[in-house]
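Spelled out from the first residue to the last, the chains are:
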There are 2 protein chains.
Amino acid sequence: METNAETAAERKCPIETVIQLLGGKWKPLILWHLLDAAKRFSELEKLIPEVTQKMLAQHLRELEADKLVTRTIYPSVPPKVEYALSDYGKTMVPVLETMCAWGENHNRLSSRPIAQAIAPV
Amino acid sequence: METNAETAAERKCPIETVIQLLGGKWKPLILWHLLDAAKRFSELEKLIPEVTQKMLAQHLRELEADKLVTRTIYPSVPPKVEYALSDYGKTMVPVLETMCAWGENHNRLSSRPIAQAIAPV
DNA sequence: AGTCATGCTTACTTTTAAGTAAGTGCCCTA
DNA sequence: TAGGGCACTTACTTAAAAGTAAGCATGACT
């Protein structure tokens, strides 16, 4: 994918970085649900009914690989696995909150045909 | 796509809203370049050399449809078209800045294998 | 022996996003 | 009359993301 000389760091816009970490159809929602407390796989399934197990597992694994989320296995039976924001993930909370605040406002202003918000066109 | 009863507003996570607006391979970069000043099509092409005209046009049209960006045509010849953050788009600046700040920090900490940042794994 | 729950994985299909390359319309300058 | 600059479109191809459906391992409970 990176075929030319410049490194990712040199030309990458930091906004893109965040979007890449959060981009993925279910990641914002997953993080959103982890904001208040750790959740197990089956809880997330219930909280996000439209997500398939495959996508939930895949996105959780990606969030884990990106160090935003931790995965803790309790050796009980039936198995219990808990997902939580990592310390590093918590550093992103202010970002998520800022996004939330804007997003809420935006949703209020425009549900569907997006925004006829401020400007008196 | 929306086949069941609940409305988008009811179940949409506000973070998702922001990501949907910014999601698109070139949108963060476009916005990033519009932060300081309005730019014309050809300027954006030069600033983002990897983008194709098709994608640049498409993403600009989407940003315009979302009211984040304005498009001003100057009836000169050859044509001149300027893209700028709308007033509404400017309300997103703090969000973009927060994301930038985190993203920069993240990029610094981890160029490539992502983040061994805080937690002493 | 059969069923249940949990937390997944795998193989395959469909959908969506992005990229390629060529073309358009305008008027201006050489 | 020919070519150039600007700001795009259009038709088509490719690649990436998401979805579907089924299967698996463990051990407990009946």
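Description of the structure in this document. What you see is a predicted model; the values in this text were computed from it and never measured.

Description of unusual backbone geometry
Stage number 1. That bond from Val 77 of chain A to Pro 78 of chain A is cis: its omega, 0°, falls within 30 degrees of zero.
Stage number 2. Here Pro 78 of chain A is to be found in the loop between strand S2 (69–74) and strand S3 (80–85).
Stage number 3. Its identity as a non-glycine residue notwithstanding, Lys 67 of chain B has a phi of 65°, on the positive side.
Stage number 4. Among the secondary structure elements, Lys 67 of chain B is positioned in the loop between helix H5 (53–65) and strand S2 (69–74).

Considerations on the protein's contact with DNA strand C
Stage number 1. The environment of DNA strand C is formed by 22 residues, the closest being Gln 53, Arg 71 and Tyr 83 of chain A together with Lys 25 and Lys 54 of chain B.
Stage number 2. The contact atoms of DNA strand C, taken as those within 4 Å of the protein, divide so that sugar and phosphate hold 71%.
Stage number 3. With respect to DNA strand C, the side chain of Trp 26 of chain B contributes an N or O atom lying 3.0 Å from a phosphate oxygen.
Stage number 4. Among the secondary structure elements, those contributing two or more residues to the surface near DNA strand C are helix H4 (41–47), helix H5 (53–65) and S3 of chain A together with H5 of chain B.
Stage number 5. Considering each element in turn, the surface near DNA strand C owes the most residues, four residues, to H5 of chain A.
Stage number 6. Along the lines of polarity and charge, the residues of the surface near DNA strand C split into ten nonpolar, five polar and seven charged.

Focus: the protein's contact with DNA strand D
Stage number 1. Around DNA strand D lies a shell of 21 residues, among which Lys 25 and Lys 54 of chain A together with Gln 53, Arg 71 and Tyr 83 of chain B are the nearest.
Stage number 2. In DNA strand D, atoms within 4 Å of the protein come from the sugar-phosphate backbone in 72% of cases.
Stage number 3. One of the side-chain nitrogen or oxygen atoms of Trp 26 of chain A is found 3.0 Å away from a phosphate oxygen of DNA strand D.
Stage number 4. Measuring from a sugar or linking oxygen of DNA strand D, one finds a backbone N or O atom of Pro 79 of chain B at 2.8 Å.
Stage number 5. Put simply, the parts of the chain that give the surface near DNA strand D at least two residues each are H5 of chain A together with helix H4 (41–47), H5 and strand S3 (80–85) of chain B.

Quick word on the pairing of S2 of chain A
All names here are of chain A.
Stage number 1. As paired strands, S2 and S3 are joined by six bridges and run antiparallel to one another. Its bridge partner being in S3, Tyr 74 is matched across the sheet by Lys 80.
Stage number 2. Two successive antiparallel strands, S2 and S3, enclose a turn made up of five residues.

Some points on the packing of aromatic side chains
Stage number 1. Counted according to the given criterion, the structure contains two aromatic pairs over all chains.
Stage number 2. Geometrically, the ring pair formed by Tyr 88 of chain A and Trp 102 of chain B is tilted, given 5.6 Å between the ring centres and 40° between the ring planes. Of the two residues, Tyr 88 of chain A is situated in helix H6 (residues 87–90) and Trp 102 of chain B in helix H7 (residues 93–109); the pairing between them involves two chains.
Stage number 3. Directly above the ring of Tyr 74 of chain A sits Lys 80 of chain A, whose terminal nitrogen or CZ lies 5.2 Å from the centroid.

Basis of the calculations
Residues numbered from 1 in each chain as written. Chains lettered and ligands numbered in written order. Predicted model: local features only at pLDDT ≥ 70, side-chain atom pairs only at ≥ 80, totals over all residues. Heavy atoms only, no water. Helix = DSSP H or I, 4+ residues; strand = E, 2+ residues; numbered from the N terminus. Near = heavy atom within 4 Å. Polar contact = N/O pair within 3.5 Å; in protein donor to acceptor, adjacent residues only side chain to side chain. Nonpolar A, V, L, I, M, F, W, Y, C, P; charged D, E, K, R; others polar. Pairing = 2+ DSSP bridges. Phe/Tyr/Trp six-rings, centres within 6.5 Å; stacked < 30°, edge-to-face > 60°. Lys NZ or Arg CZ within 6 Å of the ring centre and 35° of its normal.

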